[in-house]
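As a plain string of letters, each chain reads:
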Protein chains: 2
Amino acid sequence: MADAKERKILVAVDEGLESMYALSWSLHNLISQTSNDTIILIYAKPPRTVYTSPDGYLFSPDMLASIDKCRNDLASSIIEKAKKMCREQGDNEVKVEVIIETGDPRDVICQAADKIHADVLVMGSHGYGLIKRAFLGSVSNHCAQNVKCPVLIVKKPKSSSSATGTK
Amino acid sequence: MADAKERKILVAVDEGLESMYALSWSLHNLISQTSNDTIILIYAKPPRTVYTSPDGYLFSPDMLASIDKCRNDLASSIIEKAKKMCREQGDNEVKVEVIIETGDPRDVICQAADKIHADVLVMGSHGYGLIKRAFLGSVSNHCAQNVKCPVLIVKKPKSSSSATGTK
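Here is what the cut-offs are and how they apply
- Residues numbered from 1 in each chain as written.
- Chains lettered and ligands numbered in written order.
- Predicted model: local features only at pLDDT ≥ 70, side-chain atom pairs only at ≥ 80, totals over all residues.
- Heavy atoms only, no water.
- Helix = DSSP H or I, 4+ residues; strand = E, 2+ residues; numbered from the N terminus.
- Buried < 20%, exposed > 50% of the residue type's maximum accessible area, 1.4 Å probe, protein only.
- Contact = heavy atoms within 4.5 Å.
- Areas by Shrake-Rupley, 256 points an atom, 1.4 Å probe, with all protein chains shown as cover.
- Salt bridge = Lys/Arg side-chain N within 4 Å of Asp/Glu carboxyl O.
- Expected span 1.5 Å × (residues − 1).
- pLDDT = per-residue confidence, 0-100.
- Least-squares fit on C-alpha atoms with pLDDT ≥ 70 in both.
- Polar contact = N/O pair within 3.5 Å; in protein donor to acceptor, adjacent residues only side chain to side chain.
- Core = buried A, V, L, I, M, F, W, Y, C linked by side-chain atoms within 4.5 Å.
- Axes fitted to C-alpha atoms, helices over the stretch in contact; angles between N-to-C directions.
- Left-handed = near helix turned anticlockwise from the far one by under 90°.
- Nonpolar A, V, L, I, M, F, W, Y, C, P; charged D, E, K, R; others polar.
- Pairing = 2+ DSSP bridges.
- Buried area = accessible area lost by both parts, 1.4 Å probe.

1. Section: the overall build of chain A
The helix and strand tally for chain A stands at 5 helices and 7 strands. Counting over 167 residues, chain A shows a buried share of 49%. Sequence separation of 24 or more characterises 79% of the internal contacts of chain A that already satisfy a separation of 6 or more. Here chain A displays about 8,400 Å² of accessible surface, and carbon together with sulfur accounts for 53% of that area.

In structure tokens form, the structure reads like this:
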């Protein structure tokens, strides 16, 4: 392995266990103790839906602010969980950076991968939750077709109850 | 990286440069000098088309034998090229095994990945040549959806003229 190379390993995380398993797999299988890699966690925050009714906004500004807060708390919670996993399962020296962007995860992830010149993009096979996937199609399929760098698609084994990345 | 683990890295090779680039990428980015990994090269030999005409076989047995020989020579040539790459670019200790099966590459690769309990499947994004892809669809997409293990899909950069795996 070309340990001297500083690689940028972009890992897409979301609220699903599968993305955490993908992160764990990367920490166990891509990161070497002697490497000089940076894990870049990316989270695509879904755009706020502006709920309207015929006579104006359906929700009060307070309610919208509350919804925004929930979305931000969810993003923070996911990123903290991922960072903790990097500290506990990765080599001590692994650097971690974070990208949080609002938008369709397909666009957010593909644009970031190209922009930062990622060496590899890692993601769960679903990539963005059960409900959204039904509407958006597979995020991982889209990214595999559209980003320039190698894409590692990790599935969580059905028999595994924890995101250890080992079998 | 869990260096002590003996991983089986299944790499699908074909006549395209992209699969050789995927192999090269794996040698540079997945294999550690202290790991105990086995690279398993898999080549899916397309089934022989039995050419027939209304009054019997279109080709003589000699001609069919000659076609078979060409297909076997192509398979040998691809595998030898891949083995040479493993020797030259990989760590000296990397073990190499070979699987050659006849059939639709989608079935051959997915079945082998599950049968040998591969730790990761590596393939080019096209996976089986330009012409066949038009009929079969993307082999890599199919495999990403159907195999149980993580799938690494590697694209050959457009600017790269050699399969070095480095940028």
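2. Looking at the pattern of salt bridges
Residues and elements named next belong to chain A. Enumeration according to the criterion identifies 10 salt bridges over all chains in this entry. The salt bridge involving Asp68 is made with Arg71; its shortest N-O contact spans 3.3 Å. Pair noted here: Asp68 and Arg71 are both in helix 2 (residues 61–89), with a separation of 3 residues, about one helical turn. In this structure, Asp68 and Arg71 share a single accessibility class: buried. One salt bridge connects Asp104 with Arg106, and the closest N-O pair in it is separated by 3.0 Å. Among the residues examined, Arg106 registers a relative accessible area of 22% and is labelled partly exposed.

3. A closer look at helix 1 (residues 17–29) of chain A
Given 3.6 residues per turn, any residue in an α-helix points the same way as the ones three and four places further on. Compared with an ideal rise of 1.5 Å per residue, which puts 13 residues at 18 Å, helix 1 of chain A spans 18 Å between its outermost C-alpha atoms and is within 8% of the ideal. Taken across its 13 residues, helix 1 of chain A has 12 buried, putting it largely inside the fold. Three or more residues of helix 1 of chain A are buried, namely A:Glu18, A:Ser19, A:Met20, A:Tyr21, A:Ala22, A:Leu23, A:Ser24, A:Trp25, A:Ser26, A:Leu27, A:His28 and A:Asn29. Summarising the contacts, the buried residues of helix 1 of chain A are in contact with strand 1 (8–12), strand 2 (38–45), helix 2, strand 6 (120–124) and strand 7 (151–154) of chain A together with strand 6 (120–124) of chain B.

4. Quick notes on the confidence of the model for chain A
All names here are of chain A. Residues at a pLDDT of 70 or more form 75% of chain A, whose mean pLDDT is 81. Across chain A, the secondary-structure element scoring lowest on mean pLDDT is helix 4 (residues 130–136), at 51, and the one scoring highest is strand 1, at 96. Throughout residues 160–167 the model reports pLDDT below 50, and contacts reaching past four residues in sequence, or to other chains, amount to 21 contacts.

5. Let's talk about the relation of the copies chain A and chain B
Overlaying chain A with chain B gives an RMSD of 0.0 Å, the required rotation being 180 degrees about an axis along which the chain moves by 0.0 Å. Such a combination of rotation and displacement between the chain copies is what one expects of a two-fold axis. Judged by C-alpha distance, A:Leu152 is the residue of chain A that lies nearest the rotation axis, at 2.0 Å. Comparing contact sets, 100% of the residues at the interface of chain A also lie at the interface in chain B, consistent with an isologous, same-surface contact.

6. Regarding the side chain of A:Ser125
All names here are of chain A. Examined against the element boundaries, Ser125 turns out to sit in the loop between strand 6 and helix 4. One polar contact links Ser125 to Glu18, side chain to side chain, over a distance of 3.3 Å. If near-sequence neighbours (up to four positions away) are discounted, Ser125 is found in contact with Glu18, Ser138, Ser140, Ile153, Val154 and Lys155.

7. Quick notes on the environment of B:Pro150
Inspection of the secondary structure puts B:Pro150 in the loop between helix 5 (139–146) and strand 7 (151–154). Along the primary structure B:Pro150 and B:Val120 are separated by 30 residues, whereas in three dimensions their C-alpha atoms are 5.0 Å apart. When sequence neighbours within four positions are dropped, the list of residues in contact with B:Pro150 reads A:Trp25, A:Leu152, A:Ile153, A:Val154, B:Asp119, B:Val120 and B:Leu121.

8. Observations concerning the nonpolar core
Core analysis: the biggest nonpolar cluster contains 50 residues, and A:Ile39 and B:Ile39 have the highest contact counts within it. Excluding its chain neighbours within four sequence positions, the residues that come into contact with A:Ile39 are A:Ile9, A:Val11, A:Leu23, A:Leu27, A:Ile31, A:Cys86, A:Val94, A:Lys95, A:Val96 and A:Glu97. A:Ala12, A:Ile116, B:Ile40 and B:Ile109 belong to the second largest nonpolar core, which has 44 residues in total.

9. Quick notes on the packing of helix 3 (residues 105–115) of chain A against helix 5 (residues 139–146) of chain A
Residues and elements named next belong to chain A. For the pair helix 3 and helix 5, the least separation of the axes is 9 Å and the interaxial angle reads 30 degrees. At the point where helix 3 passes helix 5, the crossing takes the right-handed sense. The segment helix 3 lies against helix 5, with Pro105, Arg106, Ile109, Cys110 and Asp114 engaging Val139, His142, Cys143 and Asn146. Classifying every residue of the contact of helix 3 with helix 5 by side-chain character gives 5 nonpolar, 2 polar and 2 charged.

10. A short note on the sheet that holds strand 7 of chain B
Here 10 strands make up an open sheet; going across it, the order is 5(A)-2(A)-1(A)-6(A)-7(A)-7(B)-6(B)-1(B)-2(B)-5(B) and the pairing mixed. Each of the sheet's edge strands pairs with one partner strand only, and the pair in question is strand 5 (95–102) of chain A together with strand 5 (95–102) of chain B. Strand-to-strand twist in this sheet, taken as the mean axis angle between neighbours without regard to direction, amounts to 20 degrees. For strand 6 of chain A and strand 7 of chain A, the ladder comprises 4 bridges, and the chain directions are parallel. Bridge pairing in strand 7 of chain A links A:Val122 to A:Leu152. Lying on the sheet, helix 1 of chain A is in contact with strand 1, strand 2, strand 6 and strand 7 of chain A together with strand 6 of chain B; it crosses strand 6 of chain A at an angle near 140 degrees. Helix 3 of chain A rests against strand 1, strand 2, strand 5 and strand 6 of chain A of the sheet, and its axis sits at about 150 degrees to strand 2 of chain A.

11. Observations regarding the interface of chain A and chain B
Every contact between the two is made by 28 residues of chain A and, on the other side, 28 residues of chain B. With both sides pooled, the region where chain A packs onto chain B buries about 2,400 Å², and carbon together with sulfur makes up 49% of that total. Inspection of the region where chain A meets chain B yields 0 salt bridges. Taken together, the links from chain A to chain B amount to 10 residue pairs in polar contact (both at pLDDT 80 or more). Where the side of chain A that touches chain B is concerned, the elements lending two or more residues are helix 1, helix 5 and strand 7 of chain A. In terms of strand pairing, strand 7 of chain A meets strand 7 of chain B through 3 bridges, oriented antiparallel. Across the sheet, A:Leu152 pairs through a bridge with B:Leu152, a residue of strand 7 of chain B.

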